[in-house]
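Geometric and topological summary
Here are the chains, one letter per residue:
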Amino acid sequence: MRYAIIADIHSNLAALTAVLDDIKHTGGADEIWCLGDIVGYGPDPRECLDIIRQTTNICVAGNHDWAVIGGKNEVDISEFNPDAAYADQWTAQQLSNEDMEYLSNLPLAIEKGDFTLVHGSPREPVREYLLSSGAARENLSYFTTRFCLVGHSHQPVVFYCKENGDVSARYFLPDNPVTTDEGRLIINPGSVGQPRDSNPDAAYAIYDSEQQLIRLHRIPYDIRATQKKMQAHGLPVRLAARLSYGV
Ligand code: ZN
């Protein structure tokens with residue numbers, strides 16, 4: 001079986017379409033798993049939500065997904081920087097009741113076979129950024145499966161967790177796939193719609209259960225098309241500009 005793992009789409013339709021096309025043209029996927037933050041920042045929240053609803057088999061909630069629905073949850077737009085807050089308020093105005101309902105029903109964590117899926121971390125699914133081996137180590141007791149998939153930082157990374165408690169990290173790069181017989185792993189497949197590892201190409205991963213490999217893919221997409229739409233909607237200039245640099 002082949003599983004596509006996508007995260008942090010952030011209303012970037014051009015990036016999402018490029019990723020889904022690439023999945024289709026490179027062997028397809030039996031299932032698509034989404035690690036949250038479908039919306040926020042970008043210009044196409046409704047279109048991205050429609051596609052995610054139709055194409056993904058499982059999806060967890062991200063902090064931006066919860067911020068735009070407001071109300072019942074623990075993520076408040078006022079915690080965001082002004083540009084992100086503005087974009088999320090704009091996003092909320094674009095969404096239908098059905099969209100809001102879908103977002104508000106997304107679970108915080110999903111267990112699927114050997115995998116636990118969360119947006120930020122198993123310990124704090126919509127808040128914590130897993131950026132260090134220390135934080136990864138502290139999170140090991142918060143999930144029981146062998147593998148954990150996270151997003152949120154928009155940076156592709158693999159944390160290797162040894163039985164003696166040692167945790168090491170490495171950048172997750174396309175030419176260096178992860179084999180799934182190396183003990184417990186926490187893996188971030190990077191961001192589809194707003195990469196922040198100084199590479200502007202959209203990122204996603206494919207888990208091939210027969211080959212026991214998880215491979216990262218980077219896909220160039222029409223960044224200018226997304227930036228033009230952001231400009232037309234009056235979304236913050238800084239949010240459009242950062243897409244060119246992957247920061
Ligand atoms: Zn995000």
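Everything below is about the structure printed above this text.
The residue numbering used here restarts from 1 in each chain and proceeds along that chain's sequence as written. Selection of residues for local features in this predicted model requires a pLDDT of at least 70, selection of side-chain atom pairs for listing and counting requires 80 or more, and totals for whole chains, interfaces and linings are taken over all residues. Side-chain metrics in this entry use all non-hydrogen atoms of the structure; hydrogen atoms and water are not considered.

1. Concerning the packing of helix α2 (residues 45-55) against helix α5 (residues 97-104)
- Across the interface, α2 lies against α5 with an axial gap of 11 Å and an inter-helix angle of 55 degrees. By the angle between their axes, α2 is oblique relative to α5. Like other packed secondary-structure pairs, α2 and α5 cross with a definite hand, here left-handed. Across the interface between the two elements, Arg46, Leu49, Ile52 and Arg53 of α2 pack against Glu98, Asp99, Tyr102 and Leu103 of α5.
- For the contact of α2 with α5, the class distribution of residues is four nonpolar, no polar and four charged. Structural elements are reduced to axes, namely lines fitted to C-alpha atoms, with helices fitted over the stretch in contact, and the angle between N-to-C directions of any two is expressed from 0 to 180 degrees. Runs of E in the DSSP output that reach at least two residues are strands. Runs of H or I that reach at least four are helices, and both are numbered from the N terminus. Angular relationships are summarised with four words: roughly parallel below 35 degrees, roughly antiparallel beyond 145, roughly perpendicular across 65 to 115, and oblique for the angles in between. A clockwise turn of the near helix away from the far one marks a right-handed crossing, whereas an anticlockwise turn of less than a right angle marks a left-handed crossing. Contact criterion: two residues are considered in contact whenever any of their non-hydrogen atoms come within 4.5 Å of each other. When residues are grouped by polarity, Ala, Val, Leu, Ile, Met, Phe, Trp, Tyr, Cys and Pro land in nonpolar, Asp, Glu, Lys and Arg in charged, and all others, Gly among them, in polar.

2. So, the coordination of the zinc ion
- Any N, O or S atom lying within 2.8 Å of the metal counts as a donor, with the limit raised to 3.2 Å for Na, K and Ca; because water is left out of the atom set, some sites can appear incomplete. The zinc ion binds to the protein through Asp8 (OD), His10 (NE2), Asp37 (OD) and His154 (NE2), with metal-donor distances spanning 2.1 to 2.3 Å.
- Here the donor residues of the zinc ion are spaced in sequence according to D-x1-H-x26-D-x116-H. Within this pair, whereas His10 is found in the loop between β1 (2-6) and α1 (13-25), its partner Asp37 is found in the loop between β2 (31-34) and α2, the two being separated by 27 residues in sequence. Asp37 matches His10 in its accessibility class, with the two residues each being buried. Categorising residues by exposure relies on relative accessible area from a 1.4 Å probe, with only protein chains included: less than 20% of the type maximum marks a residue as buried, more than 50% marks it as exposed, and the intermediate range marks it as partly exposed.

3. Section: the packing of α1 against α2
- It is the contact of α1 with α2, at a shortest axis distance of 9 Å, that shows an interaxial angle of 25 degrees. Looking at the two axes, α1 sits roughly parallel to α2. In the crossing of α1 with α2, the sense of the turn from one axis to the other is left-handed. Between α1 and α2, the residues in contact are Leu13, Leu16 and Leu20 and Glu47, Cys48, Ile51, Ile52 and Thr55, respectively.
- Of the residues assigned to the contact of α1 with α2, the class counts are six nonpolar, one polar and one charged.

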